[in-house]
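Residues per chain, in single letters:
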Amino acid sequence: MSGIFLIRKMSKTTIEKIRHRLGAELDAMNSLIRTSLATSDPLMGRVVEQYLRTKGKQIRPLLVLLSARLFGDINDSTLHAAASLEMLHNATLIHDDVVDNADYRRRTPTLNKDFDNRIAVLVGDFFVSTALQEAIKTKDMKAVVSVAELGKELSLGEIDQISNARERSIDEARYFDVIGKKTASLFMKCVKMGAETTDATPAEIDSLVEYARLLGLCFQIKDDIFDYYEDVEVGKPTGNDLRENKISLPLIHAVNSSAGPASDSMRSLLMRGDLSDAEIAVLIDFAKTHGGIDYAYRVMEDMRVKAARLLESLPANEWRDDFAELFAFTIRRHS
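The subject of this paragraph is the overall build of the protein chain. Helix and strand content of the protein chain: 16 helices and 4 strands. Its C-alpha atoms give the protein chain a radius of gyration of 20 Å, within 12% of the compact-globule value 20 Å for 335 residues. Counting the 335 residues in the protein chain, one finds 49% classified as buried. If the 44 positive side-chain charges of the protein chain are averaged to one point and the 51 negative ones to another, these points end up 2 Å apart.

Next up on the list: the side chain of Gln58. Within the secondary structure, Gln58 is located in the loop between α3 (42-52) and α4 (59-71). By relative accessible area, Gln58 is classed as buried at 5%. Among the polar contacts listed, one links the side chain of Gln58 to the side chain of Glu86, at a separation of 3.5 Å. If we ignore the near neighbours within four places in the chain, the residues touching Gln58 are Arg19, Leu26, Met29, Asn30 and Glu86.

This part is about α3. Among all positions in α3, only Met44, Val47, Val48, Tyr51 and Leu52 are buried. Looking straight down α3, one finds that the buried residues subtend no more than 130° of arc, so they occupy a single side. Along α3, the residues that are exposed and aim more than 90 degrees away from the buried face are Pro42 and Arg46. Of the surrounding elements, those touching the buried residues of α3 are α2 (23-36), α5 (76-99), α6 (111-114) and α7 (117-136). The opening residue of α3 is Asp41, an N-cap whose side-chain oxygen sits 3.2 Å from the backbone nitrogen of Leu43.

Of note, the phi angle at Lys139 is positive, near 60°, even though the residue is not glycine. Within the chain, Asn245 stands out as a residue other than glycine whose phi angle is a positive 65°. Topologically, Asn245 is positioned in the loop between α11 (240-243) and α12 (249-256). Take Asn245: its relative accessible area is 17%, and that puts it in the buried class.

The next thing to look at is the environment of Leu156. Relative to the elements of secondary structure, Leu156 occurs in helix α8 (residues 141-167). Spatially, the C-alpha atoms of Leu156 and Arg332 are 29 Å apart, while their sequence positions differ by 176 residues.

At a minimum axis distance of 11 Å, the contact between helix α13 (residues 261-272) and helix α14 (residues 277-289) shows a crossing angle of 135°. With respect to α14, the element α13 is oriented oblique. Viewed along their axes, α13 and α14 form a crossing whose handedness is left-handed. Across the interface between the two elements, Ala262, Ser263, Met266, Leu269, Leu270 and Arg272 of α13 pack against Glu279, Val282, Leu283 and Phe286 of α14. Classifying every residue of the contact of α13 with α14 by side-chain character gives 7 nonpolar, 1 polar and 2 charged.

If you look at the biggest cluster of nonpolar residues, it comprises 99 residues, and the most contacted ones within it are Tyr211, Ile221 and Leu251. At 12 residues, the largest contribution of residues to this core is made by helix α10 (residues 202-226). Among residues more than four places away in sequence, those in contact with Ile221 are Tyr175, Phe176, Ile179, Leu249, Ala296, Val299, Met300 and Met303.

Let us look at the packing of helix α15 (residues 292-311) against helix α16 (residues 318-332). Packed helices, taken two at a time, are described by the angle their axes make and the gap between the axes. Interaxial distance between α15 and α16 falls to 10 Å at its minimum, and their mutual angle equals 175°. When the axes of α15 and α16 are compared, the pair comes out roughly antiparallel. Counting all contacts with α15, which are made through Tyr297, Met300, Glu301, Met303, Arg304, Ala307 and Leu311, the residues of α16 involved are Arg320, Phe323, Ala324, Phe327 and Ile331. The residue makeup of the contact of α15 with α16, split by class, is 9 nonpolar, no polar and 3 charged.

Tallied over the entire structure, the rule returns 25 salt bridges. Notably, a salt bridge pairs Arg69 with Asp73, separated by 3.6 Å at the nearest N-O pair. For Asp73, a relative accessible area of 57% translates into the label exposed. Between Asp223 and Arg333 there is a salt bridge; the shortest N-O distance is 2.9 Å.

With that settled, the discussion passes to the state of the cysteines. Taken as a whole, this structure holds 0 disulfides when the rule is applied. Of all cysteine sulfurs in the structure, the one in Cys190 sits closest to Cys218, which takes part in no disulfide; the separation is 16 Å. Under the relative-accessibility criterion, Cys218 is labelled buried at 0%.

Basis of the calculations
Residues numbered from 1 in each chain as written. Predicted model: local features only at pLDDT ≥ 70, side-chain atom pairs only at ≥ 80, totals over all residues. Heavy atoms only, no water. Helix = DSSP H or I, 4+ residues; strand = E, 2+ residues; numbered from the N terminus. Rg over C-alpha atoms; globule rule 2.2 N^0.38 Å. Buried < 20%, exposed > 50% of the residue type's maximum accessible area, 1.4 Å probe, protein only. Lys, Arg positive; Asp, Glu negative; His and termini not counted. Charge placed at Lys NZ, Arg CZ, Asp CG, Glu CD. Polar contact = N/O pair within 3.5 Å; in protein donor to acceptor, adjacent residues only side chain to side chain. Contact = heavy atoms within 4.5 Å. Arc of directions from axis to C-beta. Axes fitted to C-alpha atoms, helices over the stretch in contact; angles between N-to-C directions. Parallel < 35°, antiparallel > 145°, perpendicular 65-115°, else oblique. Left-handed = near helix turned anticlockwise from the far one by under 90°. Nonpolar A, V, L, I, M, F, W, Y, C, P; charged D, E, K, R; others polar. Core = buried A, V, L, I, M, F, W, Y, C linked by side-chain atoms within 4.5 Å. Salt bridge = Lys/Arg side-chain N within 4 Å of Asp/Glu carboxyl O. Disulfide = S-S within 2.5 Å.

Laid out in structure tokens, this is it:
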């Protein structure tokens, strides 16, 4: 059995185990989403139905449900909170695809490709409004505030990412600020809102929220690493981020930690932008050969260790074990 196959098998088993254990609750949440998005408008109904056919791993609502299980039971408020955050997350994906002029997400045509930007933006808005309605159904004003705060944070993260791309930023602190807003903030709200539907103490919630911040950062770093490796369908590194002038952690570290003509040449390429496929391949190779990928994995492993320490202060049960496994899965996942 090859090492790659073993890693994939382990990762799949981890996430499927969690999904199986929370299957009934996840189904109930998806039923809430489908019901809340139901409309008599034929076009909106058709677009929403098409979008709901591809759910993905639903890691974010799983975090809401896991958080409630860690401290107690899943109740109606938990399900509404999970549905709210999943719809807000999907709204941001729809809007991001419009902003990025993306035709595909995970090899599936985007709404703006199948319909057009106008329809996609309006569907995204529909998801945002419905997410707020679901937050209201928790009957807890803290949930409504959390969803509103999260919407602002995600928008600011997208703006900052655009700014970084325009400036060709290779500042590691700015990179972490962006992924903190764009990815980690959602993970943090997921565990916070899930825990708040139980009797968890403020100190316990704070520890879990910090765990989720580290998990979210790690999740985005791993996503960014994928861009440096071969896409099995096209047979070459995707390089999509560099095509959009988005410079991620491996290349940031490789350029900043190196000196001499080679590093200067990479900086010049990055500052110029509008890169050819050949130039993207050169930058990807530079990141790999100058320790960028290894550095990113070291950062993720440091985060995993810190997250494990945070979990030690939380209730010792099987759900805490799932949180630990989820972090390991995030580092070793292949998609």
